[in-house]
Amino acid sequence: MAAEKLRDLSQPIDVSLLDATVSAFYGTGSREERSAADLILRELQNNPDMWLQVVHILQNSQNLNTKFFALQVLEGVIKYRWNALPVAQRDGMKNYISDVIVQLSRDEASFRRERLYVNKLNVILVQILKHDWPARWKSFIPDLVAAAKTSETICENCMVILKLLSEEVFDFSRGEMTQQKIKELKQSLNSEFQLIHELCLYVLSASQRAELIRATLSTLHAFLSWVPLGYIFESPLLETLLKFFPVPAYRNLTLQCLTEVAALSFGDFYNGQFVNMYNIFMVQLQSILPPNTNIPDAYANGSSEEQAFIQNLALFFTSFYKSHIRVLESTPENITALLMGLEYLIGISYVDDTEVFKVCLDYWNSLVLELFETHNNLEPVAIANMMGLQMPFLSGMPDGIGGQRRQIYAVTVSKLRLLMISRMAKPEEVLIVEDENGNIVRETMKDNDVLVQYKIMRETLVYLTHLDHDDTEKQMLTKLNKQLSGEDWSWNNLNTLCWAIGSISGSMVEEQENRFLVMVIRDLLNLCEITKGKDNKAVIASNIMYVVGQYPRFLRAHWKFLKTVVNKLFEFMHETHPGVQDMACDTFLKIVQKCKRKFVIVQVGENEPFVSELLTGLPTTIADLEPHQIHTFYESVGQMIQAESEPLRRDEYLRRLMDLPNQKWGEIIGQARQNVEVLKNPDVIKAVLNILQTNTSAATSLGTFFFPQISVIFLDMLNVYRSVKRETLKLIETFLDKAEDQPHIGTQFVPPMMDPVLADYARNVPDARESEVLSLFATIINKYKAAMVEDVPRIFQAVFQCTLEMITKNFEDYPEHRLKFFSLLRAIAAHCFPAVVRLLPEQLKLVMDSIIWAFRHTERNIAETGLNLLLEMLKNFQVSEFRNAFYRQYFLIIEQEIFAVLTDTFHKPGFKLHVKSGGITEPLWDPATVPYPYPNNEAFVRDYTIKLLSSSFPNMTANEVTLFVNGLFDSIADLSIVKTHIRDFLVQSKEFSAQDNKDLFAEEAAAQRERDRQRAMSIPGLISPSEIQDEMLDS
């Protein structure tokens, strides 16, 4: 009964009943009561007339939650329907909200008591301003400033409103408002800023109220990044801020304001003021935080305010130096102040806090890059050294500006090397870590933050090495000696040092690098011998493996070292400490990939190639390894064998490599011929799986050269297919994928598989169908392309309908089948399009429905595969003779669906593909159902699109929709304009709100990443030698 009464909005709502419902929702009553209240509140919230009750509720309710509920309803209306409301209703609401805010913030008691409520009202007011100001509310800022002068509490609240407004316009506007609206609001704020500026200065000079001063500093902080510079440098503002800096109560807020100023940079006009500000700041800082303070200790023992101060200090220094460091290099006095600031920053960099360190690291990275570029642009010697050339006749040349700057920063940069070495982050290859209880364990989870940090630190250290190779080498060897002598021995010290040594691979001239590494590897092997304790040995082993894995150039040039290292890895393969065997197998693979030729030739002083020696001892070497480690080992040896160019020898090595698994395979197949039931025994199935996985690992490395081995087991494999489907499919797919495109391989392997594999898939119940069947046939079609056209109907018949039934019931079941199914479809569309054209109409309809279903999927990679597939189909139909029939049937459906996913927030990542599927021009309407004769296709599509979008977005005016559609057609030739246009439309339609809209700009970000990669390739050591794919190196 109560619910019915609340639902009737034809008369003023019963506020006490609404209060009771809201209390029931938030209360501790039964679950039924809460869900009943939830249902009523949702219905009210979705009722389009509910907002007309808001004022009545706010005036009569005593319950804060009820008021919040009413304001939530109002916020929805402001966001989505404000411009469509009558002027009188808009003005009434605007005036009411303003009056309530003024009333509640007039005196101290009510302002403090109703603080939460006032804050929410402020947010509502700013939402209204985003629509109405400046055009429909010109006097807003003057009114606000005038109200602020009537009382200190109103003034404090006005500061809060101004801050909110600034944040909405400058910080949160991307993806919230159209580009035009943002521009308009920024101009208004700029032109009205004088009044705000005067108000802030007035408060800071005249008020004694701590809360008001804090609110004003906080508002200034939001404004300083965008106000015209004259307001800062040609007024008493900076002076006032510096006066507040030493006062503990305002220190952090003032420092944040000064940081905003420090980050400003517009030419040289205000350089004098920046230097002056920096020097006054440094004098004051020394009395707050004396230069000899141990900053990491002070941080560790400080209050949260003091910790925030140190973090803010890091932000101030890094912001100032990024924009103005060159100005401070101009006179000896300024240089002294600059170096003192850098000292502070190095101290802060040792603070044990990830966020603080990130701020510092980000700046150190940009500073050393800048020094490296200056040093490089002006020093032919440096460039020659980088190229590995020695040019002594140039070394007498003056150093120029680069040299002066290097001199200024020499001490800082040397301390920076020590910092990077001492705090080096863990690289991805290291699997052995110390857990929170101080035990050495195998890492179970990769920490992405650490990997990102490692990448930046590695880059920084590479630049630091280029700036002074000798100092880098000296610092690293000194630290290593302290490990050996025990003076500085600890797991962490050894780890960070070895991670740092590994990370500069490739950045020294080869001769120096060789000398350096001989010492490092010798010392580490020594350390391994003299140190007792399993955990200690595991840590040292992990570090030896990491370092050697990073220096393939050195290993290629020193066979003795390479052999010693590989034998050491074989030793580690018997070490059962968690993680050591895994890392040994991974490092072995990594080294073999870079040095494979060295293992198949007879080296000086040897009787046979290393690979042959290895194959003889293989059973002993792998005796203690787990199955997955053995697979990595087989992949590594496969890499060696693949480097042998003489076919007979290569086949002989392969036979010896596969000897163990083939013996076991022969035994099992022999037993199965006697009694097929053997294949149901779990242990036998496990053994067969293991053998197939071992074969797959070898096939991964050997590609075409694996042919002799797969021929031996292929037909037997199809016989045991029913017991071990997935591994069989994976092995065949790996071999066909890696094998070079040789037609005889396709004709030998594909036909025998058709029946056992496809028929089995079609016959089985859904849960027993292997998704690998789909990916295998996708690989086959991608490999043998048009040659497969005749087989497509058969593949289609076996997998299509039955897979679709599995995956279209919902968006969750059978995730593996989904992606592989659409990859198979894409392969067919790309390489066997004639087979698509020959499908029956109902089959083609199934295909199109499944594509539409794919790009509507909320799973990102399935949606993208669907869109790419659609693009493929459209391109192919565009040039085929069936295009008219195809477009007449499918164009409007496709357009409607593309717009549906484009304007649905779940599908942002596919933005770039939605945009591309546009421009099609075919005769599209049916004269029987469309009475109006359109002059051409384009006119029809325009009209259709306007109607489609108008009905989908009732909150947008007909004019807005028409403008958007016309704009799309007018800019169809320029994709970047089309994208900007669509981004604005998505924001305007309010489907995309304050959520993260970076996916709409994903393509631009990808282009930037590629530019960065190209640059990194040009600086030795910046891309680790172990990551460079270069077959030529290993000859």
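In this text, all values refer to a predicted model and were calculated from it rather than measured experimentally.

Turning our attention to the overall build of the protein chain. Across its full length, the protein chain carries 51 helices and two strands. Structurally, the protein chain occupies a C-alpha span of about 100 × 85 × 60 Å along its principal axes. Across the 1035 residues that make up the protein chain, the buried fraction comes to 52%. Of the contacts formed within the protein chain by residues at least 6 apart in sequence, a portion of 74% connects residues at least 24 apart. For the protein chain, the exposed area adds up to about 47,300 Å²; of that, 53% sits on carbon and sulfur atoms. One finds the centroid of the 101 positive side-chain charges in the protein chain at a distance of 1 Å from the centroid of its 129 negative side-chain charges.

With that out of the way, let us pick up the packing of aromatic side chains. Describing an aromatic ring pair means giving the distance of the ring centres and the angle of the ring planes. Going through the model one piece at a time under the given rule, you end up with 46 aromatic pairs. Ring geometry for Phe-193 and Tyr-231: centres 5.0 Å apart, planes at 70°, overall edge-to-face. Taken as a pair, Phe-193 in helix H11 (residues 179–206) and Tyr-231 in helix H13 (residues 230–233) lie far apart in primary sequence, 38 residues in all. Considered together, Phe-193 and Tyr-231 belong to a single accessibility category, that of buried residues. Between the NZ or CZ atom of Arg-423 and the centre of the ring of Phe-357, over which it lies, the distance is 4.1 Å.

Another aspect to go through is the environment of Ser-23. With respect to the helices and strands, the residue Ser-23 is situated in helix H2 (residues 15–26). Taking the relative accessible area as the measure of exposure, Ser-23 reaches 38% and is therefore partly exposed. Note: C-alpha distance between Ser-23 and Asn-65 (42 residues apart in sequence) is 7.9 Å.

As a note on interpretation, predicted positions should not be read in detail where pLDDT is low. Summing up the model confidence of the protein chain, the mean pLDDT is 86 and the portion of residues at 70 or higher is 91%. Within the model, pLDDT remains below 50 along residues 379–399, and this stretch shows 22 contacts once partners closer than five positions in the same chain are excluded. When the criterion is pLDDT under 50, residues 905–923 qualifies, and its contacts beyond four places in sequence or with other chains add up to 59 contacts.

With that settled, consider unusual backbone geometry. Put simply, Trp-133 and Pro-134 share a cis peptide bond, and its omega is 0°. Tracing the sequence through the fold places Pro-134 in the loop between helix H8 (115–132) and helix H9 (140–148). Even without glycine at this site, Lys-785 takes up a positive phi of about 40°. Its location among the elements puts Lys-785 in the loop between helix H40 (772–784) and helix H41 (792–807). Residue classification places Lys-785 among the partly exposed positions, given a relative accessible area of 39%. The backbone phi angle of Tyr-814 is positive, close to 50°, even though this residue is not glycine. The residue Tyr-814 is located in the loop between H41 and helix H42 (815–831) in this model.

Right, let's get into the environment of Val-792. Examined against the element boundaries, Val-792 turns out to sit in helix H41. Taking the C-alpha atoms as reference points, Val-792 and Phe-777, 15 residues apart in sequence, are found 9.7 Å from one another. Not counting residues within four places of it along the chain, the set of residues in contact with Val-792 comprises Ile-828, Cys-832 and Ala-835.

Rules used in this analysis
- Residues numbered from 1 in each chain as written.
- Predicted model: local features only at pLDDT ≥ 70, side-chain atom pairs only at ≥ 80, totals over all residues.
- Heavy atoms only, no water.
- Helix = DSSP H or I, 4+ residues; strand = E, 2+ residues; numbered from the N terminus.
- Buried < 20%, exposed > 50% of the residue type's maximum accessible area, 1.4 Å probe, protein only.
- Contact = heavy atoms within 4.5 Å.
- Areas by Shrake-Rupley, 256 points an atom, 1.4 Å probe, with all protein chains shown as cover.
- Lys, Arg positive; Asp, Glu negative; His and termini not counted.
- Charge placed at Lys NZ, Arg CZ, Asp CG, Glu CD.
- Phe/Tyr/Trp six-rings, centres within 6.5 Å; stacked < 30°, edge-to-face > 60°.
- Lys NZ or Arg CZ within 6 Å of the ring centre and 35° of its normal.
- pLDDT = per-residue confidence, 0-100.

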